[in-house]
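Tertiary structure, described
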Amino acid sequence: VVRRRLLQRYEHQPFISCLAGFYSCRWKRYQRERTEPGKCCCSMVNELKISTDMAFCLSLVFLYTWGEGKNDYNGFDWYNYGNLGFWFLWSLVILIVAAVLFAYTSLLLVLAMCLLAEGQQLYLHWSHKIGTFLVLGFTISCLFALSILWRDHRKTVRLSFQVTAPYLHLGAIAIMVLLSWPVALHAIRADKKVVQVVIVGPYLAILLFLFLIPLGMYSPCIREKGTLGPKPALIGHRGAPMLAPENTEMSFLKTIEHGGDGLETDVTISYDGVPFLMHDDTLKRTTNIHEVYPNETGKDASLFSWDSLQKLNAGTWFLKNKPFLGMGSLSKEDQKQAMNQSIYTLSGFLRLADSHNKLVIFDLYRPPEKHPYRNSWIRKILDVILKEAKIKRHLVLWLHNSVRSFVQSVAPGFQHTMGRKAPIEDLLKRNIVKLNLVYTDMSSEDIRKYAEANITTNYYVVNEPWLYSLAWCSGAHSVTTNAVHLLKDLSQPLFLMTPRQYNIMWILTDLTSAFLISLVFVL
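Residues numbered from 1 in each chain as written. Predicted model: local features only at pLDDT ≥ 70, side-chain atom pairs only at ≥ 80, totals over all residues. Heavy atoms only, no water.

Observations concerning the state of the cysteines
If you walk through the whole model with that rule in mind, you get 1 disulfide. In this model, Cys221 is linked to Cys473 through a disulfide, with the two sulfur atoms separated by 2.4 Å. Because the sign of the S-S torsion sets the handedness, a value of about 105° for the bond joining Cys221 and Cys473 places this disulfide among the right-handed ones. Here Cys221 is found in the loop between helix H8 (193-212) and strand S1 (233-237), whereas its partner Cys473 is found in helix H19 (residues 465-474), with 252 residues between them in sequence. Considered together, Cys221 and Cys473 belong to a single accessibility category, that of buried residues. (Disulfide = S-S within 2.5 Å. Helix = DSSP H or I, 4+ residues; strand = E, 2+ residues; numbered from the N terminus. Buried < 20%, exposed > 50% of the residue type's maximum accessible area, 1.4 Å probe, protein only.)

Have a look at this one:
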């Protein structure tokens, strides 16, 4: 008896030693205790339900939420630039942290499950307890901040479910199959029927829910063959800002080079009446104004004369900051060209688009008070369009809404575009032929309704292939994008399948998982 007890106390168990060592920092056998039959459930509740599994679930939710928001990383980073005053890829840092935290909590959960399967008591080490509470604090804080500061992000996540839901369903079923082993083991070890019901009941309820959830699932990318509409046209957002400095001649040439169907830009007007391209109120983000006019970095861009604007470089910032995640490196020729970019005029932009027969759409920014063209800026811009550049009128998507009736009278032939949803009757009354909407408003039903009235839809800004695929499946006519060079190569939408293919995938998944889970419980 003494010998057997000594062997039980000191015999080597390398696998369990590693599990307990990493989880509890108890590397030696005499530091560990086995569980009594029927007490596994309590151990699990005490050690997992409060901390580890909550940290795992929240870190998974945050990782998915932040990962699907990649389409808007650039806007998030520029928002921080505006508040902090320096450029940094904060979005990438948060993504890496989210992935690391999820991997950490996943490892703790796997270790706990393995220890319980081996009949070991769970003693989470104090360092891991601190770690799990840090994970909880970080993920809850980030999710709360997203819900307050970036409310449209929730719409992005909801849209993502329309293309990823079938595959998330497969992943959830796979996790339930893996969990069947420890659940069955705990149920068998339990010495009371009540405990067995408490263990197995919730598991089977969740499993049944997952089996049936595809009945309520909707995705526009699950459709019959032959019903998919044409590929949405690509409009370069400020040109091709992942390949060249935004709103420069090089940027628009890159869009044309990669087959873009249109060009989007932002127009303001200089103090002496020259319309030029600039998105921001100031020049500090996209020029070297801090070198040329260091005391005027906060000055409104429209308060500079055109001669002063011509002295600024509009390309060096792009090579220094590399504003997009995964934008890659430029060739030496492109680097040299980017270094020599200057602020572009509206006239030059329109002539370039006209020579390549490309659509143009632009946001117009009214000059501030005391600007000499404060009340005549629209006339000045129309003069450039109609008299100076003389672009073909059907190529102009006129977006500005305040003087639409006047523009329709002096410049018939423009394709008038509205920047918000409205009743079809109102749109037809105003001769609107296109809607330019933020992508979070995407709805296949709205697209179909407007299309029946010969009103097409354009969504902005669509950069990710999954989002472009969703727009394609939903029937969008065009999208505004930073990534013309990437989206042009898609030959069909991602995640596209027929209802029959999805039903086969769904039924086979459910039957296979049910068979494997039954096998685990029987054996």
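Comments concerning the domain arrangement of the protein
How big an interface is tends to be reported as the loss of accessible area on association of its parts. The domain architecture assigned to the protein consists of domain 1 (44-116 + 125-222 + 504-522) and domain 2 (233-271 + 345-489). Using only C-alpha atoms to locate each centre, domain 1 and domain 2 end up separated by 40 Å. Taken residue by residue, the interface counts 14 residues in domain 1 and 15 residues in domain 2. Buried surface at the junction of domain 1 and domain 2, both sides included, amounts to about 1,300 Å², of which 58% is carbon and sulfur. Contact with domain 2 buries area across many residues of domain 1, yet Asn71, Leu159 and Pro220 alone supply 45% of it, more than any other trio. Taken together, the links from domain 1 to domain 2 amount to 0 salt bridges. Top element by residues in the side of domain 1 that touches domain 2 is helix H7 (residues 152-189). It accounts for 7 residues. (Domains from an automatic or database assignment. Contact = heavy atoms within 4.5 Å. Buried area = accessible area lost by both parts, 1.4 Å probe. Salt bridge = Lys/Arg side-chain N within 4 Å of Asp/Glu carboxyl O.)

Quick look at empty space enclosed by the protein
Per the counting criterion, the structure on display carries 3 cavities of 30 Å³ or more. Lining the largest cavity we find Glu246, Asn247, Thr248, Leu277, Met278, His279, Thr286, Ala314, Ile343 and Tyr344. In terms of residue class, the lining of the largest cavity is built from 5 nonpolar, 4 polar and 1 charged. (1 Å grid on protein atoms, 1.4 Å probe; cavity = no way out; pocket = protein on both sides within 12 Å on 5 of 7 lines; lining within 4 Å. Points joined across faces, edges and corners; volume = space filled by probe spheres on them. Nonpolar A, V, L, I, M, F, W, Y, C, P; charged D, E, K, R; others polar.)

Some points on the confidence of the model for the protein
Averaged over every residue, the pLDDT of the protein is 89; the share at 70 or more is 93%. Contacts of residues 40-47 to residues separated by more than four positions or lying in other chains number 20 contacts, the stretch itself having pLDDT below 50. (pLDDT = per-residue confidence, 0-100.)

Regarding the pattern of salt bridges
For the structure on display, the rule yields 14 salt bridges. The closest approach of N and O atoms between Lys155 and Asp152, which form a salt bridge, is 3.8 Å. You can see Lys155 and its partner Asp152 sitting in helix H7, 3 residues apart, about one turn around the helix. The exposure class of Lys155 is partly exposed, given its relative accessible area of 30%. The exposure class assigned to Asp152 is partly exposed, which follows from its relative accessible area of 38%.

Examining the layout of surface pockets
Space inside the second largest pocket adds up to approximately 1,400 Å³. Along the wall of the second largest pocket there are 47 residues; nearest its centre are Asn74, Gly75, Phe76, Trp78 and Tyr79. Looking at the lining of the second largest pocket, the elements that each hand over two or more residues are helix H3 (40-68), helix H4 (73-84), helix H6 (126-149), strand S2 (262-269), strand S4 (359-364) and strand S7 (434-438). The residue makeup of the lining of the second largest pocket, split by class, is 21 nonpolar, 15 polar and 11 charged. Both of domain 1 (44-116 + 125-222 + 504-522) and domain 2 (233-271 + 345-489) provide at least three residues apiece to the lining of the second largest pocket.

Observations regarding the UniProt feature "transmembrane region" (unreviewed entry) in the protein
On the UniProt side, "transmembrane region" (unreviewed entry) is annotated at positions that read residues 50-67, 87-118, 130-150, 170-188, 195-218 and 504-522 here. Structurally, residues 87-118 is divided into 88% helix and 0% strand, and its ends, taken at the C-alpha atoms, are 51 Å apart. Along residues 195-218 one finds 75% helix and 0% strand; the C-alpha atoms at either end are 38 Å apart. (UniProt positions renumbered as here; feature names shortened; annotations may be inferred.)

Examining unusual backbone geometry
Here the bond from Tyr460 into Val461 is cis, since omega is -20°, no more than 30 degrees from zero. By the element assignment, Val461 lies in the loop between strand S8 (456-460) and H19. In the Ramachandran plot, Lys390 falls in the positive-phi region, its phi being about 55° despite a non-glycine side chain. Along the chain, Lys390 falls in the loop between helix H15 (377-389) and strand S5 (396-398).

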